[in-house]
Amino acid sequence: MYPLKRNRRLRTGEAIRSLVRDTIITPDDFLVPLFVVEGKGIKDEIPSMPNYFRYSLDLLEGEVKELWKLGLKSVLLFVKVPDNLKDNKGTEALNPNGLMQRAIKTVKNICPEMVVMTDVALDPYSAYGHDGIIENGHVLNDETVDVLSEMSVSHAKAGANFVAPSDMMDGRILSIREALEDEGFINTGIMSYSAKYASAFYGPFRDALDSAPVDLVNIPKDKKTYQMDYANRFEAIRETEMDIDEGADIVMVKPGLCYLDIVRDIKNEVDVPVAVYQVSGEYAMLKAAAEKGWLEHDAVMMEQVTAIKRAGGDIIASYFAKDVVKILNA
Ligand code: PBG
């Protein structure tokens, strides 16, 4: 008697394993989030994100050059806005000489081929830490969409290749697409955070940008009236299909690891590239466990990004991008 089939034959050594491997990670898979701050000479480590930094524009240049050299050719820009420039309506977001607008120009100047994507949402600009304008304890939808559309045009004017609305207001993709077309930005793309869940994994990101919802009466304590309920599955497909109908070029699932079932659902359903955001809390979790010696950092990291791609992620937005590529290039 012998087993009918010996699956282990295809696992006998690294050479045969690599011959039959489905999923190969390359630098082309990654989108690198970058945090930008005002000032000069600043490279400031984010306490809850070890070895991840906020850069002032002068030091951002070196970082961007290094990414390009490593083969990382797309970045996603976020700005930390000084408190005195925050208000309810995100007025500063439209400043043609604001930090985001200058950051876009800085990256394009130093590295014209780099794909520059920009975060479009009010929270870094909001005195209340919300992704929308607040009135009587509610986050207003349509008024917020108007600001997001103007903000997108402002980013396009500064030279952004893609705008990435991360707010989860209804109807914003159509409105942004129309605004861009009206202004002649026919080649400025939209990467929509289409299935973005109300997740506790965003904590370290909110530390990085000082953008958490504030604790005040009549200010919603969380983002559950706009970001999705993590218990829901089919709603993610509905959200994503609507965004594609409205003009999204790339769609996104966020967070990553706990949501790979959703990634696969969406990958099976749509014919545009699917991005997955491996978020700040996922990064922090591994860093903390590795610091304690409880997990092997590089091995777990490679397993995670491979799982994201295997699930259907065409684009991986990840704070690990540089670490991964250094291993690939080694
Ligand atoms: C805000 C935004 C968030 C992230 C990206 N854009 C946080 C939030 O929705 O509160 C999270 C990214 C991360 O945790 O890495 N519009």
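In what follows, the accompanying structure is described. Since the structure is predicted, the reported quantities are computational estimates derived from the model, not experimental observations. (Residues numbered from 1 in each chain as written. Predicted model: local features only at pLDDT ≥ 70, side-chain atom pairs only at ≥ 80, totals over all residues.)

For the rest of this paragraph, the subject is the overall build of the protein. If you tally the helices and strands in the protein, you get 11 helices and 12 strands. Computed over C-alpha atoms, the radius of gyration of the protein comes to 20 Å, within 12% of the 20 Å expected from 2.2 N^0.38 for 330 residues, which places it in the range of a compact globule. Its C-alpha atoms give the protein principal-axis dimensions of about 75 × 45 × 40 Å. Within the span of the protein, comprising 330 residues, buried residues form 44% of the whole. Of the contacts formed within the protein by residues at least 6 apart in sequence, a portion of 74% connects residues at least 24 apart. (Helix = DSSP H or I, 4+ residues; strand = E, 2+ residues; numbered from the N terminus. Rg over C-alpha atoms; globule rule 2.2 N^0.38 Å. Buried ≥ 20, exposed ≤ 12 C-beta atoms within 10 Å, placed from the backbone. Contact = placed C-beta atoms within 7 Å.)

This part covers the pairing of strand E3 (residues 49-56). Relative to E3, strand E1 (residues 30-37) is paired through 3 bridges, and the arrangement is parallel. Paired with Phe35 across the bridge in E3 is Arg54. Examined bridge by bridge, strand E2 (residues 43-46) and E3 share 4 bridges and lie antiparallel to one another. Opposite Glu45, over in E3, you have Phe53 as the bridge partner. With antiparallel pairing between neighbouring strands as the criterion, E2 and E3 make up a hairpin whose turn holds 2 residues. (Pairing = 2+ DSSP bridges.)

To continue, consider the pairing of strand E10 (residues 250-254). Within E10, 5 of the 5 residues are buried, leaving the element largely enclosed by the surrounding structure. Of the two faces of E10, the one carrying Ile250, Met252 and Lys254 and the one carrying Val251 and Val253 are both buried. Relative to strand E11 (residues 274-278), E10 is paired through 3 bridges, and the arrangement is parallel. For Val253, the partnering residue across the bridge sits in E11 and is Val276.

All residues in the neighbourhood of the ligand are listed as Asp119, Ala121, Asp123, Asp131, Ser166, Asp167, Tyr202, Phe205, Arg206, Lys223, Val279 and Ser280. Taken together, the residues of the shell around the ligand break down into 4 nonpolar, 2 polar and 6 charged. (Near = placed C-beta within 6 Å. Nonpolar A, V, L, I, M, F, W, Y, C, P; charged D, E, K, R; others polar.)

A few words now on the packing of helix H10 (residues 297-311) against helix H11 (residues 321-329). The relative placement of two packed helices comes down to the angle between their axes together with the axis-to-axis distance. Contact geometry of H10 with H11 gives a least axis separation of 11 Å together with a crossing angle of 100°. Judged by the inter-axis angle, H10 sits roughly perpendicular to H11. For the pair formed by H10 and H11, the contact residues are Asp298, Met301, Met302 and Val305 on the first element and Asp323, Val324 and Ile327 on the second. Among the residues forming the contact of H10 with H11, the class breakdown is 5 nonpolar, no polar and 2 charged. (Axes fitted to C-alpha atoms, helices over the stretch in contact; angles between N-to-C directions. Parallel < 35°, antiparallel > 145°, perpendicular 65-115°, else oblique.)

Time to look at the packing of helix H8 (residues 260-269) against H10. Where H8 contacts H10, the axes come no closer than 8 Å and their chain directions differ by 30°. It follows from the interaxial angle that H8 and H10 lie roughly parallel. In contact with Leu260, Val263 and Arg264 of H8, H10 contributes Ala307, Ile308 and Ala311. Classifying every residue of the contact of H8 with H10 gives 5 nonpolar, no polar and 1 charged.

Every α-helical turn comprises 3.6 residues, leaving residues that sit three or four positions apart pointing alike. Across its 17 residues, helix H4 (residues 142-158) extends 25 Å between first and last C-alpha, which sits within 8% of the 24 Å expected from 1.5 Å per residue. Along H4, the positions that sit buried rather than exposed are Thr144, Val145, Val147, Leu148, Ser149, Met151, Ser152, Ser154, His155, Ala156 and Ala158. Its buried side turned inward, H4 meets helix H3 (99-110), strand E5 (115-120), strand E8 (162-165) and helix H5 (172-182). One or two steps after H4, the chain reaches Gly159, where phi turns positive at roughly 115°. (Expected span 1.5 Å × (residues − 1).)

Along H8, the positions that sit buried rather than exposed are Ile262, Val263, Asp265 and Ile266. End-on view of H8: buried residues confined to an arc of 165°, all on one side of the axis. Seen from the buried face of H8, the exposed residues on the opposite side, beyond 90 degrees, are Asp261 and Asn268. Where H8 is buried, its residues meet strand E9 (189-196), helix H7 (234-246), E10, E11 and H10. (Arc of directions from axis to C-beta.)

With that settled, consider the nonpolar core. Core analysis: the biggest nonpolar cluster contains 90 residues, and Leu34, Val36, Val75, Leu77 and Ala275 have the highest contact counts within it. When residues in this core are grouped by element, the largest group, 7 residues, is from E1. Setting aside its immediate chain neighbours within four residues, Ala275 contacts Leu31, Met191, Ile250, Val251, Met252, Gly313, Asp314, Ile315 and Ala317. (Core = buried A, V, L, I, M, F, W, Y, C linked by C-beta atoms within 7 Å.)

A word on the environment of Asp215. Positionally, Asp215 belongs in the loop between helix H6 (203-209) and H7. The exposed category is assigned to Asp215, around which 8 C-beta atoms lie within 10 Å. Residues Asp215 and Tyr128, spaced 87 residues apart in sequence, show a C-alpha to C-alpha distance of 8.4 Å.

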